[in-house]
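# Survey of secondary and tertiary structure
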Amino acid sequence: MSLLRRALLAGSTNHWLREQATRRVFVRRSVSRFMPGESVEDAVRAAAALRSQRITTILTRLGENISRPEEAEEVTQHYLDVLRKVASAGLDAQISVKPTQLGLDQDPELCRANLMRLVECAEKLGNFVWIDMESSPYVEPTLGLYRKARERSPKVGVALQAYLYRTAKDVEELMPLGAAIRLVKGAYLEPPSIAFPKKRDVDENFHRLACRLLGEEARQPGAVLHIATHDIALTDRLIRFIDETKVPASAYEFAMLYGIQRSQQQRLAREGRRLRVLISYGDYWFPWYMRRLAERPANVLFVARNLFG
Ligand code: FDA
């Protein structure tokens with residue numbers, strides 16, 4: 001892992017930096033590249049615009065690690081409201097939540113109850129809830145939450161990170177449940193004792209796991225895979241696998257983040273591949289933004305250009 005990436009990921013959890021950055025106009029201007037705005041209305045407008053390009057969406061409010069149970073209630077109410085807004089706008093826009101926003105650190109039982117409320121509401125409205133995967137200490141409790149929610153409803157999926165060694169085993173264990181899985185490379189700073197330190201090994205593991213999840217055995221119980229990456233070479237390699245092995249279109253969707261690899265997004269949509277774009281909004285964007293910078297060092301130059309531009 002490069003020094004710059006390590007520094008950016010370490011900085012993502014620094015309070016002083018967050019205070020400074022959120023006040024700076026040039027940083028806010030750079031953030032707007034990845035975020036249509038801070039309010040849910042901004043996100044819904046962006047989702048409607050993407051719909052005209054035949055791209056569906058996922059909405060997520062930025063925020064993590066709340067400190068009081070009342071905040072978890074506020075977040076849950078917010079997402080219940082988003083599910084209703086999306087239904088009345090007639091949009092195909094799912095939601096994605098972080099367990100630490102729903103109270104995982106304060107009270108796992110409260111977090112589970114909040115998640116169930118969202119999943120039940122989504123099921124009633126014909127929608128779907130994704131559970132984000134956060135840093136490694138949260139993997140086990142998040143998978144526990146997912147299993148409980150999946151027992152109640154098929155309208156819930158979970159993200160798995162290809163950089164973790166454990167993920168191959170998690171995939172095997174989740175497959176018989178017909179689990180909806182969003183496969184990502186992984187965005188946090190993790191030690192080499194638990195995560196592949198080399199990018200090429202992460203990429204290879206992503207490919208291996210995706211092929212496994214697109215295979216007959218995983219598809220049988222009705223699994224849907226979200227192939228969540230902006231990596232064009234990896235995407236093209238998986239498209240070849242999909243076409244050669246005749247994976248039905250209902251078994252997978254591509255997923256990307258708002259504002260990243262737009263031409264690739266348009267290409268996939270033009271080719272008739274199902275694509276969902278995850279739109280983030282909210283005022284707590286600093287740690288999330290630092291992770292986006294860490295994913296591509298050229299983004300730091302982009303921020304610097306905004307400083308003078
Ligand atoms: P990679 O980092 O190899 O990037 C491939 C290419 O894409 C780069 O060369 C660059 O051209 C472009 N690119 C990638 N990131 C960019 C950026 N920020 N700005 C500009 N260009 C960029 N992680 C996690 O730990 N838990 C989660 O729940 C999720 N959820 C999630 C949902 C969705 C829909 C996506 C797409 C991603 C996530 N992630 C995530 C983030 C994920 O783990 C990963 O950090 C990023 O997707 C970057 O990795 P790539 O797979 O895109 O490949």
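None of the values given here were measured: they were computed from a predicted structure.

### Looking at the overall build of the protein chain
- From N to C terminus, the protein chain includes 14 helices and eight strands.
- Taking 19 Å as the expected radius of gyration for a compact globule of 309 residues, we find that the protein chain reaches 18 Å, a close match to that expectation.
- Summarising its shape, the C-alpha atoms of the protein chain cover approximately 55 × 45 × 40 Å along the three principal directions.
- When burial is assessed residue by residue, the protein chain has 53% of its 309 residues classed as buried.
- In the protein chain, the proportion of contacts linking residues at least 24 apart, taken out of those at least 6 apart, comes to 75%.
- Carbon and sulfur atoms make up 55% of the accessible area of the protein chain, which amounts to about 14100 Å² in all.
- Distance between charge centroids for the protein chain: 5 Å, based on 47 positive and 37 negative side chains.

### Some remarks on the packing of helix α1 (residues 3–11) against helix α13 (residues 286–295)
- For the pair α1 and α13, the least separation of the axes is 8 Å and the interaxial angle reads 175 degrees. Put simply, α1 runs roughly antiparallel to α13. Of the residues in α13, those in contact with R5, L8, L9 and G11 of α1 are F286, M290, R291, L293, A294 and E295.

### Re the nonpolar core
- Formed by 78 residues in total, the largest nonpolar core has its most connected members in L59, L115, I227 and I279.
- If we skip the residues at most four places from it in the chain, I227 touches L183, F206, L214, L238, I242, Y252, E253, F254 and A255.
- By size, the runner-up hydrophobic cluster in this structure holds 19 residues, among which are L257, I260, F286 and M290.

### Some words on the side chain of H207
- Inspection of the secondary structure assignment puts H207 in helix α9 (residues 199–214).
- On the accessibility criterion, H207 (13% relative accessible area) is buried.
- Not counting residues within four places of it along the chain, the set of residues in contact with H207 comprises L234, R237 and L238.

### Regarding the site of the ligand
- The full set close to the ligand counts 26 residues, and K185, G186, K199, T229 and E295 are the nearest of them.
- Contacts to the ligand include R182, whose side-chain N or O atom sits 3.1 Å from a nitrogen atom.
- One nitrogen or oxygen atom from the side chain of T229 is found 2.6 Å from an oxygen atom belonging to the ligand.
- Contact with the protein chains covers 88% of the free accessible surface of the ligand, which is 930 Å².
- Of all the secondary-structure elements, those providing two or more residues to the shell around the ligand are β4 (156–161), β5 (180–184), β7 (252–257) and α13.
- It is β7 that provides the largest number of residues to the shell around the ligand, a total of three residues.
- When grouped by side-chain class, the residues that make up the shell around the ligand number twelve nonpolar, six polar and eight charged.

### So, the packing of helix α8 (residues 167–174) against α9
- Viewed as axis vectors pointing N to C, α8 and α9 meet at an angle of 5 degrees, and their least axial separation amounts to 11 Å. The pairing of α8 with α9 is recorded here as roughly parallel in orientation. Between α8, through T167, A168, V171 and E172, and α9, the contact on the second element is made entirely by L209, R212 and L213.
- Grouping the amino acids of the contact of α8 with α9 by side-chain chemistry returns four nonpolar, one polar and two charged.

### A word on the sheet that holds strand β2 (residues 93–97)
- On the basis of which strands lie adjacent, the closed barrel formed by eight strands has the order β1-β2-β3-β4-β5-β6-β7-β8 and parallel pairing. Put simply, the sheet's adjacent strands are angled 30 degrees from each other on average, direction ignored.
- Where helix α6 (residues 108–124) meets the sheet, its contacts fall on β2, β3 (129–131) and β4, and the angle it forms with β3 comes to roughly 150 degrees.
- The strands that helix α12 (residues 262–270) touches are β7 and β8 (275–281); relative to β7, the one it contacts most, it runs at about 160 degrees.

### Description of unusual backbone geometry
- Backbone geometry at R54 places phi at a positive 65 degrees, although glycine is not the residue there.
- As for its placement among the helices and strands, R54 is situated in the loop between α4 (40–51) and β1 (56–61).
- Judged by its relative accessible area of 63%, R54 is exposed.
- Residues other than glycine seldom take positive phi values, yet K246 does so here, at roughly 55 degrees.

### Quick look at the side chain of N127
- By the secondary structure assignment, N127 is in the loop between α6 and β3.
- Of note is the side chain of N127, whose polar atom sits 2.9 Å from the backbone oxygen of A93.
- The residues contacting N127, other than those within four sequence positions of it, are L83, V86, A93, Q94, A122 and K155.

Thresholds, definitions, all that
Residues numbered from 1 in each chain as written. Predicted model: local features only at pLDDT ≥ 70, side-chain atom pairs only at ≥ 80, totals over all residues. Heavy atoms only, no water. Helix = DSSP H or I, 4+ residues; strand = E, 2+ residues; numbered from the N terminus. Rg over C-alpha atoms; globule rule 2.2 N^0.38 Å. Buried < 20%, exposed > 50% of the residue type's maximum accessible area, 1.4 Å probe, protein only. Contact = heavy atoms within 4.5 Å. Areas by Shrake-Rupley, 256 points an atom, 1.4 Å probe, with all protein chains shown as cover. Lys, Arg positive; Asp, Glu negative; His and termini not counted. Charge placed at Lys NZ, Arg CZ, Asp CG, Glu CD. Axes fitted to C-alpha atoms, helices over the stretch in contact; angles between N-to-C directions. Parallel < 35°, antiparallel > 145°, perpendicular 65-115°, else oblique. Core = buried A, V, L, I, M, F, W, Y, C linked by side-chain atoms within 4.5 Å. Near = heavy atom within 4 Å. Polar contact = N/O pair within 3.5 Å; in protein donor to acceptor, adjacent residues only side chain to side chain. Nonpolar A, V, L, I, M, F, W, Y, C, P; charged D, E, K, R; others polar. Pairing = 2+ DSSP bridges.

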